[in-house]
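Here is how the chains run, residue by residue.
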Amino acid sequence: MSSVTRLLPQVQTDRLDAICRATSIIPVLVIERLDHAVPLAQALVDGGLDVLEITLRTDCAVEAIQRIREALPEVTLGAGTVLSVEQYRICEELGVDFVVTPGTTPALFEHGIASEVPLLPGVATVSEVVTGWERGYRRFKFFPAEANGGAKALKSFGGPLPEALFCPTGGVTVDNAADYLALPNVMCVGGSWMAPKALVDQEDWAEITRLTREATQRYPR
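Per chain, residues are indexed from 1 in the order of the written sequence. Residue-level local features of this predicted model are given only where pLDDT is at least 70; pairs of side-chain atoms are given and counted only at 80 or more, and the full residue set underlies all totals for whole chains, interfaces and linings. Where side-chain values are given, they derive from all heavy atoms of the structure, hydrogens and water being excluded.

(A) Molecular detail of the overall build of the protein. Helical segments are the DSSP runs of H or I of at least four residues, strand segments are the runs of E of at least two, and each set is numbered from the N terminus. What the protein contains, in helices and strands, is ten helices and nine strands. The C-alpha radius of gyration computed for the protein amounts to 17 Å, which stays within 12% of the reference 17 Å derived for 221 residues, consistent with globular compactness. Once the C-alpha set of the protein is aligned to its principal axes, its extents read approximately 55 × 35 × 25 Å. Buried, partly exposed and exposed residues are distinguished by accessible area as a fraction of the type maximum, computed with a 1.4 Å probe on protein chains only: under 20%, between the cut-offs, and over 50%, respectively. The 221 residues of the protein split such that 52% are buried. By definition in these notes, contact holds between two residues if any of their heavy atoms fall within 4.5 Å. Sequence-distant contacts, at least 24 apart, represent 62% of the contacts inside the protein between residues at least 6 apart. Here the protein displays about 9500 Å² of accessible surface, and carbon together with sulfur accounts for 52% of that area. Here Asp and Glu are counted as negative and Lys and Arg as positive; His is not counted, and neither are the chain ends. Where a charge sits is defined by one atom per residue type, namely NZ (Lys), CZ (Arg), CG (Asp) or CD (Glu). A gap of 5 Å separates the mean positions of the 19 positive and 28 negative side-chain charges of the protein. Radius of gyration here is computed from C-alpha atoms only, and the compact-globule reference equals 2.2 Å multiplied by the residue count raised to the power 0.38. With residues, only the protein chains shown are counted as cover, and all accessible areas are computed by Shrake-Rupley using a 1.4 Å probe.

Structure below.
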């Protein structure tokens, strides 16, 4: 590691720990209609999940985050699918509590070090974890989890990197979440099964709340 490379402050790791240890499941949401943003978030909160990740995959995602932030200030709100430093800066201005990337460039790692908003960097391999490790990162998103070997692969990460902890996302379901949550190097999981697209399109917020409550009862923090 270069002597000029900055290291992630411990406070950033502590903030991520506080967020990820507060829940066993982080809903990963793709909001396609702006008018769905607040009722969807409220349905999840009513079901017992108040740490939410809104992905920047749609044109209305930024405004959706704004609306949820204003309507539900008590929610711990993250921005996901952040692909550039420019997007990271936009998320900072939105007042999100954390930022999540699907994969992580050196520029994103470096910006996360300086930012007041902690970064949960996306990784898929041990080499990518080590790249973040060199910069002081100890908490990561494992993505796409199932496509990259699932819980068995993540368990193997614990041998050489026992201090690295993960939030696996991508292919995590109500049935296989237990395999991940049983691992000592898993803080929580990210998933979308409690808010499937069909129910969101139908605006069936009551059923989303029911599925969320079912998930929190099955996987309590």
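After that view of the structure, there is still more to cover.
(B) Quick look at the sheet that holds strand β8 (residues 165-168). With parallel pairing, the three strands of this open sheet are ordered in space as β6-β7-β8. Two strands in the sheet have a free side with no partner beyond their single neighbour: β6 (122-123) and β8. Looking at chain direction, strand β7 (residues 139-142) and β8 are connected through four bridges and run parallel. Note that in β8 the partner of Phe140 across the bridge is Phe166. Think of each axis as a best-fit line through the C-alpha atoms, taken over the contacting stretch in the case of a helix, with angles from 0 to 180 degrees between the N-to-C directions. Against the sheet, helix α7 (residues 150-157) engages β7 and β8, with an angle of about 155° to β7. A pair of strands is treated as paired once DSSP finds two or more bridges between them.

(C) Here's a closer look at the pattern of salt bridges. Salt bridge criterion: a side-chain nitrogen from Lys or Arg within 4 Å of a carboxyl oxygen from Asp or Glu. Across all of its chains, the model carries 13 salt bridges by this definition. One salt bridge connects Arg135 with Glu110, and the closest N-O pair in it is separated by 3.0 Å. In this pair, Arg135 sits in the loop between α6 (126-133) and β7 while Glu110 sits in helix α5 (residues 106-114), placing the two residues 25 residues apart along the sequence. For Asp175, the salt bridge is made with Arg218, and the minimal N-O distance between the two is 3.6 Å. Remark: Arg218 occurs in helix α10 (residues 205-218) and Asp175 occurs in the loop between β8 and α8 (177-181); sequence separation between them is 43 residues. The exposure class assigned to Asp175 is exposed, which follows from its relative accessible area of 54%. Of the residues examined, Arg218 reaches a relative accessible area of 44% and is grouped as partly exposed. Residues participating in the shared-partner salt-bridge network are Arg6, Glu110 and Arg135.

(D) Quick look at unusual backbone geometry. The residue after Phe143, namely Pro144, is reached through a cis peptide bond having omega -15°. Note that Pro144 resides in the loop between β7 and α7. A positive phi angle, near 55°, is found at Thr81, a position not held by glycine. Here Thr81 lies in the loop between β3 (76-80) and α4 (85-94). You can call Thr81 buried: its relative accessible area is 13%. Notably, Glu203 is not glycine yet its phi reads approximately 55°, a positive angle. The exposure class of Glu203 is partly exposed, given its relative accessible area of 36%.

(E) Region of interest: the sheet that holds strand β1 (residues 25-29). Spatially, the six strands line up as an open sheet ordered β5-β4-β3-β2-β1-β9, and their pairing is parallel. Looking along the sheet, the strands with just one partner apiece sit at the ends: β5 (119-120) and β9 (189-191). Sheet topology places β1 next to strand β2 (residues 51-55); two bridges connect them, and they run parallel. Its bridge partner lying in β2, Val28 is registered against Glu53.

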